[in-house]
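Analysis of the macromolecular model
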Amino acid sequence: MIKQIFIGFCFLSALTAFSQQIVSTLPLNLKKNRDVFQTVNSDKKEVTLFISDKTNVKAIQFDEKTQVIDSMSAERPNTKTYTNMIGYNLSDKNTRLFWSSNDYKNILSQLYDFKSRKTETKEFSLNLKDEKVLQKFSENDLFYILTVLKNSNNFKLYVFDNDGNYAEKVINLRSFTFYESNNYISDLYGVFRENLLPFEAPFSLELINSENPSSLTAAAKKRKCYQEDKKIIITLDTNSEFTQIITIDLKDFTSTEKRIKTSNIEEERIFVNSNSFYSKSRLYQIKSSPKLFYFTIKDLEGNLVKEYVATSTQPIDFKNSEVSQQGGEFGGKRVLENSSQFIRKLNNLKAGVTSYTTATNNVVTFGGVSAAQQTGLQAGLGQFGLIGALVSIAVYNPTLDSFNSYANRKVVKTEGLFDANGNHIKGDLEPLAFDKIRDFLEKNKDFSSQTLFKTDAYYLGYYDNKAKEYIVRKFVD
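First, a word on what this report is: a plain description of the structure on this page. (Residues numbered from 1 in each chain as written. Predicted model: local features only at pLDDT ≥ 70, side-chain atom pairs only at ≥ 80, totals over all residues. Heavy atoms only, no water.)

1. Digging into the pairing of strand β4 (residues 56–62)
Looking along a regular strand, one sees the side chains alternate between the two faces of the sheet. For clarity, the threshold we go by: When a residue's accessible area, from a 1.4 Å probe over protein chains only, is under 20% of the maximum for its type it is buried; when over 50% it is exposed; and in between it is partly exposed. Runs of E in the DSSP output that reach at least two residues are strands. Runs of H or I that reach at least four are helices, and both are numbered from the N terminus. In this scheme, strands are said to pair when DSSP sees at least two bridges between them.
By the criterion of burial, β4 is predominantly enclosed, with five of the seven residues buried. Across six bridges, the pairing between strand β3 (residues 46–52) and β4 is antiparallel. Residue pairing for β4: Ile 51 is matched across the bridge by Lys 58. Linking β4 to strand β5 (residues 68–75), which pair antiparallel, is a turn of five residues; within it Thr 66 sits at a positive phi near 60 degrees.

In C-alpha cells:
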C-alpha cells in the first residue's frame, strides 16, 4: 500500500512538474554578487551550469533530460585580478572555464574534473599593447579570443586547446579593401576604430547566434559576427552600398571576402538606411529611404533569391503582424496604421533585420531602434540581464540579453513568415518559446541570476530568492 502511494505521489509530482515545465530544482544558499555561466556539449546535449558568488563557484552537471547528475564546488579565482567569466572549452567530460581581467591581459583557465573532484588552474599573460579585443568564442574543444592589430588589415586569434594551452594565429587581410561609414577607404583597424556612438562603440563586434531569436538592438549593429561549421563569419554594413562578408576558417585560419550589393535607391547616402543579417548561408538585407523599403534574400554569391518592396503608398503585403511602436515620446505601445509611418520612422532609427528558423519556416523581423536613453543608475550598472534583475556585465549572454534590449528605446517593428525558398506565407504567427519566456518573466519578479540556453528546447535557469532554490524551466516553440 505504501509502495502504491509512493508511486502515485511520484506520478503526480512528475505530472505537476511537467505542467509547470519545471525540469530541475536544486536547493542553494547563494551569497550576493552572483554570476551565472553555462557550457553546452552539443553532441551529448549535456549542460554544465556555473554559479559564482564572491567566494565560490558551484558547477552543476545536467544530462540530456536536464536532470542533475553531478556537482562540485571550487574557490573563485582572485576577484581583484580575474573579474570576468569569458568562455569555456570541453576536455573529455569535463569543462575548462576561462576567466580574465578587465583588459584581457591576464587569463586564467580553471578545469573542473568531476572524476577527481578537483580543479586545475593555469595562468596566462597576453601582450595586447598593439591590439584590441573584439570578441570571444567557444566551440566545444576550443576557446578563441579575437583581436584586431593596430593600424593594419590583420586579425589575431588566441586559440586555447583542451589541454588549456594556447597558440596565436594571425589572419592577414591585406588584399581586402575596407570603408568607413563616410565612404572613405580605411584599413581593418580603422573600420573597428570608428566611433558609431551612441548606438555602437569603437572596437565592438556584436556576437549573433542565429539559432536563437535575436533582438533588433543586436541586429541593428553595423559590425556583427556569427559562428557556423568551424567558421567565424563577420559582416560589415558601414557602407550602405554593400555588405562586406569576411569568413575565417578555424581549421586552417585562412580568410575569404564577399561583397553583396544592396538594393539600388537613388537617394543621397545621408537619407539611406541599410543593414543585413546572416543565417544558414543566406544574407537578409534591408534598405530604405524616407519613402521606399526593400527586403531582399540572397545567397553568398550575391544571387537574388527573393525581393520584396514597400512604398509610402503601397501596403507591406509581406508582413504577418501589426506594425508596432513602443517607447519614444508617446511611451507604451501603439499600432502604426500605414506603411508610410513605418518606412519613415524606420529610416530615422537604426535599422535592423533578423531571421529565426522554426521547425518549418523562417520568422523575419524588420524594424528600427533608437539608442538607449539611460538613467544615471542604468548607465553605471549596464543593461544586461532580464526583467526585474541585473546580471553582471562580465557574463554576457546574447540570448539572454535579447529580453530587455528594448528597455528605454524607441522601437518600430513588424514580422513576416517565409518558407525555405523565401516565399511569403500568409497567416497568423504562432507564439515562440521566447514569447512564452518573456510572458513568464513579466509575471514573476523575485528571481535573479538568470541564464538561458538551448539544447533540444530552450531552458531558463533562475535563482528563486525566496525559496533559495535554483530552478530550470523548459520552453518550446
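On we go.
2. Some thoughts on the nonpolar core
What counts is decided by this rule: Grouping buried Ala, Val, Leu, Ile, Met, Phe, Trp, Tyr and Cys residues that are joined through side-chain atoms within 4.5 Å yields what is termed a nonpolar core. Residues count as neighbours in contact if any of their non-hydrogen atoms are within 4.5 Å of one another.
The biggest cluster of nonpolar side chains holds 31 residues, and the ones touching the most others in it are Phe 293, Phe 295, Phe 318, Phe 342, Val 353 and Phe 366. Ignoring sequence-local partners within four residues, the contact set of Phe 293 consists of Ile 286, Lys 287, Ser 288, Tyr 308, Val 309, Ala 310, Phe 318, Ile 343, Leu 346 and Phe 366. Counting 27 residues, the second-largest nonpolar core is a separate cluster that includes Leu 173, Leu 207, Cys 225 and Ile 248.

3. Points about the environment of Val 133
Looking at where Val 133 falls in the secondary structure, it is placed in strand β10 (residues 131–139). In this structure Val 133 comes out as buried when scored by relative accessible area, which is 19%. Not counting residues within four places of it along the chain, the set of residues in contact with Val 133 comprises Tyr 104, Leu 128, Ile 145, Leu 146, Thr 147 and Phe 203.

4. A look at the pattern of salt bridges
Definition in use: Here a salt bridge means any side-chain nitrogen of Lys or Arg lying within 4 Å of a carboxyl oxygen belonging to Asp or Glu.
For the structure on display, the rule yields 13 salt bridges. Residue Arg 117 is joined to Asp 70 by a salt bridge in which the shortest nitrogen-to-oxygen separation is 2.9 Å. One end of the pair, Arg 117, is in the loop between β8 (106–113) and β9 (118–125); the other, Asp 70, is in strand β5, and 47 residues separate them in sequence. A relative accessible area of 42% places Arg 117 in the partly exposed class. Among the salt bridges present, the one from Glu 415 reaches Lys 413, with a minimum N-O distance of 3.0 Å. What makes Lys 413 buried here is its relative accessible area of 17%.

5. Some thoughts on the sheet that holds strand β13 (residues 166–172)
In a beta sheet, neighbouring strands are held together by backbone hydrogen bonds and run either parallel or antiparallel to one another. Rules: Convention adopted: a line fitted to C-alpha atoms gives each axis, helices being fitted over their contacting stretch, and angles between N-to-C directions are expressed from 0 to 180 degrees.
In spatial order, the strands read β10-β11-β12-β13; together these four strands make up an open sheet with antiparallel pairing. Of all the strands in the sheet, the pair left with one neighbour each is β10 and β13. Here the average twist between neighbouring strands, direction ignored, is 20 degrees. Pairing between strand β12 (residues 154–160) and β13: seven bridges, direction antiparallel. Paired with Phe 155 across the two strands is Ile 171, which belongs to β13.

6. Remarks on the side chain of Asn 89
Tracing the sequence through the fold places Asn 89 in strand β6 (residues 84–91). The class of Asn 89 is buried, set by a relative accessible area of 0%.

7. Observations concerning the environment of Leu 90
Locating Leu 90 in the fold gives a position in strand β6. The class of Leu 90 is buried, set by a relative accessible area of 7%. Along the chain, Leu 90 and Thr 39 lie 51 residues apart, while their C-alpha atoms are 8.6 Å from each other.

By themselves, these observations are geometric and do not establish any function.
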